[in-house]
Every structure is written in structure tokens, then in C-alpha cells.
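Summary of structural features
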Amino acid sequence: MFVAGGLKSLLPHVLRRIIRCNRLSISNTSGMAEGYKQANVVILHKSLADDFEKFCRANAGPLPLLYRSKPGDWNCPSLSSDSDIRTDCLQYRIYEHGACTGTLKSLKEYSEQLKDMVTFYLGCSFSFEKAVQNAGIPVRNVEQKRNVSMYKTAVPCYSISTFCCNLVVTMRPIPESKLEAAVLATSELKEAHGAPIHMGDPGLLGIQDLSKPDYGDPVHLHPGDIPVFWACGVTGVEAVINCRAPLAFTHSPGCMFITDLKNDNVIVRSSREIPQVHCISQDPLHYSIVSAEAAQKIKNLETLIGIDPGDRGIIHLHRQDELLKACLSISHARSVLITTGFPTHFTYEPPEENDGPPGALAIAAILQALEKEVAIVTDQRAMNLNKKIIEEAVQLGILKRPVPLLSYQGESADSALMFLCENGNPGRPRFDHLVAIERAGMAADGNYYNARKVNIKHLVDPIDELFLAAQTIPGVTTTGVGDGGNELGMGKVKDAVKKHIKNGDVIACDVEADFTVVAGVSNWGGYAIACALYILSTCEIHDRYLRKAVGFPQISKKMGWLSALPSVTKEEKLLKTLVRHGVRSGKTASLEMEVDGLPFYNTHSVMIEKLL
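Conventions adopted
Residues numbered from 1 in each chain as written. Predicted model: local features only at pLDDT ≥ 70, side-chain atom pairs only at ≥ 80, totals over all residues. Heavy atoms only, no water. 1 Å grid on protein atoms, 1.4 Å probe; cavity = no way out; pocket = protein on both sides within 12 Å on 5 of 7 lines; lining within 4 Å. Points joined across faces, edges and corners; volume = space filled by probe spheres on them. Helix = DSSP H or I, 4+ residues; strand = E, 2+ residues; numbered from the N terminus. Nonpolar A, V, L, I, M, F, W, Y, C, P; charged D, E, K, R; others polar. Buried < 20%, exposed > 50% of the residue type's maximum accessible area, 1.4 Å probe, protein only. Arc of directions from axis to C-beta. Contact = heavy atoms within 4.5 Å. Phe/Tyr/Trp six-rings, centres within 6.5 Å; stacked < 30°, edge-to-face > 60°. Salt bridge = Lys/Arg side-chain N within 4 Å of Asp/Glu carboxyl O. Expected span 1.5 Å × (residues − 1). Core = buried A, V, L, I, M, F, W, Y, C linked by side-chain atoms within 4.5 Å. Domains from an automatic or database assignment. Buried area = accessible area lost by both parts, 1.4 Å probe. Polar contact = N/O pair within 3.5 Å; in protein donor to acceptor, adjacent residues only side chain to side chain. Pairing = 2+ DSSP bridges. Axes fitted to C-alpha atoms, helices over the stretch in contact; angles between N-to-C directions.

**A few points about empty space enclosed by the protein**
- Within the structure shown, the criterion is met by 5 cavities of 30 Å³ or more.
- When its volume is computed, the largest cavity comes out at roughly 100 Å³.
- Residue lining of the largest cavity: 13 residues in total, with P358, A362, I398, P566 and K570 positioned closest to the centre.
- Of all the secondary structure elements, the ones that give two or more residues to the lining of the largest cavity are α10 (357–369) and α19 (568–580).
- In terms of residues, the lining of the largest cavity owes the most to one element, α10, which gives 4 residues.
- Residue classes in the lining of the largest cavity are distributed as 10 nonpolar, 1 polar and 2 charged.

This is how it looks when you write it as C-alpha cells:
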């Protein structure tokens, strides 16, 4: 009887021979035949084979198809030289009408039935474990001599005919300092599930307890480890269960078929293929992935909007990569709440300036194109004005449809929680992300000030309370966009505002956002967010991570996203609309942006006289 210790270096054909003779005292093949590909196995009646292959193609992350046999073929010549699928897995499971009715060491007694059945060999994450180790990353399940932990998630796969199920994932604890190395080590190993589909809190996948895997063994995290999840071929087992075939076979999870194919040493050649990892939330802990190329484009946008046309010292407020992290967070959001409105012209009616609304609508437009829910909250006194602006934005083609318009009065201690969450339940937030752009922010003394230290509190509803409440709601993140330090969300940089901005000691906003986007003109920040969301949506690495490697790439929707981006024509039309409704200019500047090689000339705050 062989034991696990000496099996790592054995060649695959030797291991298969040992398994075939039932001479192994191990429970799984993790760490065996290092550097060679292992495979999940699904065996179905030939009448189901075409649909199952389509299901695999539609969910290539969990189900990378290595080989499909012909009916009755027990070998797989392109994967191994001398194999027999009836005997060469450590253990099998038999399913009848969707129920597991037993485990087997051999399928030979079913040889007659197998003549009408097709075998699918699907990639396995055990195949990438050596690459991970070679990158200097510990593989905890191998260290602990355990099968990898596997969990059912709440993420639905793309359904084909009778094949429908939720994604199954493996979890490997990875030291936080090694996250990017783990992504890089696995991202190009597509036949072994590729890059992770989630890093951070398991609850975001619908996994309630890491100590209770649905398949495999619990694997313990060391201090500083982050749970990292890869798509898993056991998804195929769940699909077999749900299709309720009269008879089907699979490998037992962790008891893989070992092929003769070596894992290729993949060289990542361009910045488009190099992944970066960024933390976008601490509660719940959540990391995102983006290509180096896309990240650099967004960093270029951040530099561009940091131009200071008023020479007010905003360079001192800048925090590196805040635009990138804010947009990664928004990209993961399902529903976004936007607020804007700064009553600078307090002696006029309306008192609003035209910095803010164009940027807010630019963000709303791209969110609509990305099929996210979006709403705008504003002052009660400005509801009619904003309703007219939104209606005209739809008529002008800036928005696809009207954006729901809300107001908030803060009438009681729990008003903010009731507004943001269903029945005030923090576990059921209505919005995942809040964005404030050129929105008057509350100072330390509870008042609201314009740049000249004039208190405008009587014109401002307490929307700050929503941002303060969001800090207490897990999963709700916030972004503040500003150009002077007195805007909602700028509390994150209030010390710099007090030190470097004129009147900063009085006007500095005291309310923080998770991410602070500083721009020479706040509208530029809104335009940059819209452009950055487009860049992220067209990034293949980020798109795959967003959809958890199930379904198809969303790049076919690119033209719709592109048409939603801000442009000179759109801005000119909107500024004329604002003028027509009595909204005055707060500042003047011009800026040229470029996204994907295409110019977007964003000329916010052209003087009213030039528009008339």
C-alpha cells in the first residue's frame, strides 16, 4: 500500500496504474504528480452530451473543457496514453435522477451502460498548485494534508437547457502580501480555472461558514491570510444533480483524473494581461482585480483632472489611486445613489451653481448603460428644478431614461438608516455605493459654508447624514468628489484643506467618504468617473472577475457604453438647459480627456455670456 509522501514526484501514468490497482491510502489527489494537469470527470448519457458541452462553454471558468470522449470510449488519447476512465480515479460517485446513490472505486460493473455514455474531462485547480508554490505562496491545504475546501455559492451559472446550477468554488488561504502574486501565478492557467473569482469576505458569495465546506475538508487560515476563491469543476457535479439524469457518474470531489499533460509555463507579455489587486472595502473585506493597462489609463485620468485652474492649492488634497479604487467599488455595485447641489449663489433663485449637475448626470448615464440601478437625492427646495433638468437630459439623449429623484429631511435619529435600508435593516441596503459630487458638506461646527465663509446651512438638507450612516452599514461604500475641500466627502482630507485652502479652517467639510476624488473642477471628477467605469467595463480581466467567470464576456455591449460617455455636444446642451432654468456658473475652465484613444473634450463652466 502506497502512502502520500512519495507520490508528488511520480509520473502520471505510474500514479494511474497504482490507483487502478486500488493501492493508495489517500483521500484526494491534491499535490500528486506535481506540475501535471488534473481533471474533474462528468459522465452522462450521449443524449445530454451536446447540451452539457454548451453549458461548459458558457461557463468556462468553472468548467474548462479539456476533452470530450465519444460514446463508449474509456480512454482519452489527447490527455493520457494508457488510461481507463472506469478505474483511474480514486473514487467515483453515482447519481440517479439527481440523487447520489453511492460511491465506487471502479465503474467496471457499469461497462454496458457506459457504452452509451460520454465522458467530459474538465480542468482542476489542483493543476495550478505547483505554480502557486513556485511563486513563493504557501498552499495551505497541501501543508495541512487536507483536501481543498469547496463551497456552493449564491452565484448562478449561465443555464443551458436542463443544465442549471450555482457556481461551486474552492478556497485557498493566501497571505495578504501574496494576493497579487497568486492572481498572477494562476491568471493565464485557463485550463485550471485561471485567476480567482473573489478575494475577501465569503459572505459576498453567499458562503456563511468557512469551517463547513460543502465538499472537501476545512482548511485553516493563518493570521494575515485572506480567503481567496477560484471557480471549481465540482460545479459540473451540481449541474448533474439539477438535471436529474436517470444515470450519471462523476469523480468524488478531490479524487481527480491525473493526465499526462504538463502545465505550461505561461509568460504574461503585455500590460493588458498583467493583473493588479486593489482593496476596495474593509467591511466586508473585498478586493478587486484590474489589468495594469486599465489601471494606468485611470491613473492618467486622475492626473488630468488634478489640474488646478483656480490655483487654489488642491494639489495638496490629492490622494493617489482614489479614482481607481472608487470606480472599482462602483463597478461592483448593484445600486448607486448620487447627490449634488451647492447653493453658492445664495442671494439668487435658484442658488445652485452649474458645477455638479453635469458631472452627476454623466455618472448616472454610464451607470444606466451598465444596467445598474441609479437614483439621485437632492434638497427638497430643488426637487422641481432637478426634475426638469433630468427630463430635458432624457430628451437630449444624455440619459436613456429618467433617474428617480429623491429627497431626504432627516426627521428622526433613524431616518438615514430607514432611507438607505429596507425597513432600516442594515443587512438589506437599498444602495451599495453613494456618490457626492460638488455637494455642500457639513463643517466641524455643523454649518455649511461656501468658499467665502458664508454660512448657507438654511439652503442645505442634511444629506451628510446618509454618508455618516453608510459608515455603519456593511457593504455600503461612499465617494466624494470636490474641488475646494468644502464638499461632502472631503472630510478624508480635511487636515490638508485646513492647512492649504483659503478659509479652510472654517469651510473644511468634516464628513468623510471612503474615497475622495479631487479635481480642478468637480464636473471633471464626474466625467472621469464615467470614463473610468467605461475603461473597467472594457477590461477583460476585470469583466471576468465581476461576472465570477460564468457566462460570456460583456464586451459586445461596448458601443452602448461608449455612447453614454460625456462629450462636448452633450455638455453644451446641458449647460444651456441649466442657464435656461436660471442656474449660474461657479467657475470657468476647459479640459480635454482621452479614453481608449478617443478624445472627450469636456469644457465645463463655459461662461454664461458665451452660451447666450
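**Description of helix α6 (residues 179–186)**
- Inspection of α6 places L179, A182, V183, A185 and T186 among the buried residues, and these make up the whole buried set. Angularly, the buried residues of α6 cover 165 degrees about the axis, an arc narrow enough to put them on a single face.
- On its buried face, α6 is in contact with α4 (129–134), β7 (166–175), β8 (198–200), β9 (225–231), β12 (275–282) and β13 (285–291).

**Describing the packing of aromatic side chains**
- Within the structure shown, the criterion is met by 10 aromatic pairs.
- Between the aromatic rings of Y121 and F257, the centroid separation amounts to 5.3 Å while the plane-to-plane angle is 65 degrees, which identifies the pairing as edge-to-face. Remark: F257 occurs in strand β11 (residues 257–262) and Y121 occurs in strand β5 (residues 117–123); sequence separation between them is 136 residues. The exposure classification of Y121 matches that of F257, with both residues buried.
- Every member of this aromatic cluster is reached through a ring pair, and the members are F52, F55, F120 and F163.

**So, the pattern of salt bridges**
- The tally for this structure, following the rule as stated, stands at 30 salt bridges.
- Salt-bridge contacts for D84 lead to R86; the nearest nitrogen and oxygen are separated by 2.8 Å.
- Here D84 falls in the buried class, since its relative accessible area comes to 14%.
- One salt bridge in this structure joins D379 and R381, with 3.6 Å as the shortest N-O distance.
- Its relative accessible area of 0% is what places D379 among the buried residues.
- With relative accessibility at 35%, the residue R381 sits in the partly exposed group.
- Salt bridges linked by common partners bring D50, E53, R57 and R68 together as one network.

**Considerations on helix α2 (residues 46–58)**
- Along its 13 residues, α2 runs 19 Å from first to last C-alpha, staying within 8% of the 18 Å computed at 1.5 Å per residue.
- Taken together, the buried positions of α2 are occupied by L48, A49, F52, F55, C56 and A58.
- In this structure, the buried residues of α2 make contact with β1 (36–45), β2 (65–68), β5 and α7 (235–243).

**Looking at the nonpolar core**
- If you look at the biggest cluster of nonpolar residues, it comprises 64 residues, and the most contacted ones within it are I338 and I366.
- Residue contributions to this core peak at 11 residues, all from helix α16 (residues 522–537).
- Membership of the second largest hydrophobic core comes to 46 residues, among which are V42, I160, A231 and V550.

**Overview of unusual backbone geometry**
- The omega torsion across D283 and P284 is 0 degrees, close enough to zero to call that bond cis.
- You can see P284 is positioned in the loop between β12 and β13.
- Even without being glycine, R244 reaches a positive phi, approximately 55 degrees.
- You can call R244 exposed: its relative accessible area is 56%.
- In this model, E438 sits at a positive phi of 45 degrees, which is unusual for a non-glycine residue.
- Locating E438 in the fold gives a position in strand β17 (residues 433–439).

**Remarks on the layout of surface pockets**
- The space that makes up the largest pocket amounts to roughly 1200 Å³.
- Lining the largest pocket are 38 residues, with S331, H332, A333, R334 and L546 positioned closest to its centre.
- Examining the composition of the lining of the largest pocket, we find that 3 residues originate from one element, helix α9 (residues 322–332), more than from any other.
- The residue inventory of the lining of the largest pocket, partitioned by class, reads 16 nonpolar, 13 polar and 9 charged.

**Considerations on the domain arrangement of the chain**
- Along its sequence, the chain is carved into domain 1 (8–262) and domain 2 (280–611).
- One C-alpha centre belongs to domain 1, the other to domain 2; they are set 44 Å apart.
- Residue-level contacts link 26 residues of domain 1 with 13 residues of domain 2.
- Roughly 1500 Å² is buried in total at the junction of domain 1 and domain 2, and carbon and sulfur atoms are behind 66% of that figure.
- Run the count over domain 1 and domain 2 and you get 0 salt bridges.
- There are 9 residue pairs in polar contact (both at pLDDT 80 or more) connecting domain 1 and domain 2.
- Sorting elements by how many residues they give to the side of domain 1 that touches domain 2 places β8 first, with 3 residues.
- Here the residues of the side of domain 1 that touches domain 2 sort into 17 nonpolar, 6 polar and 3 charged.

**Focus on the sheet that holds strand β15 (residues 373–378)**
- Strand order in the open sheet formed by 6 strands is β16-β15-β14-β17-β18-β19, and the pairing between neighbours is parallel. Pairing within the sheet leaves two strands with one partner each, and these edge strands are β16 (405–407) and β19 (515–518). Going across the sheet, the axis of each strand differs from the next one's by a mean of 25 degrees, ignoring polarity.
- Relative to β17, strand β14 (residues 335–341) is paired through 6 bridges, and the arrangement is parallel. Bridged to T339 within β17 is A436.
- Contacting β15 and β16, helix α11 (residues 383–395) crosses the sheet at an angle of about 165 degrees to β16.

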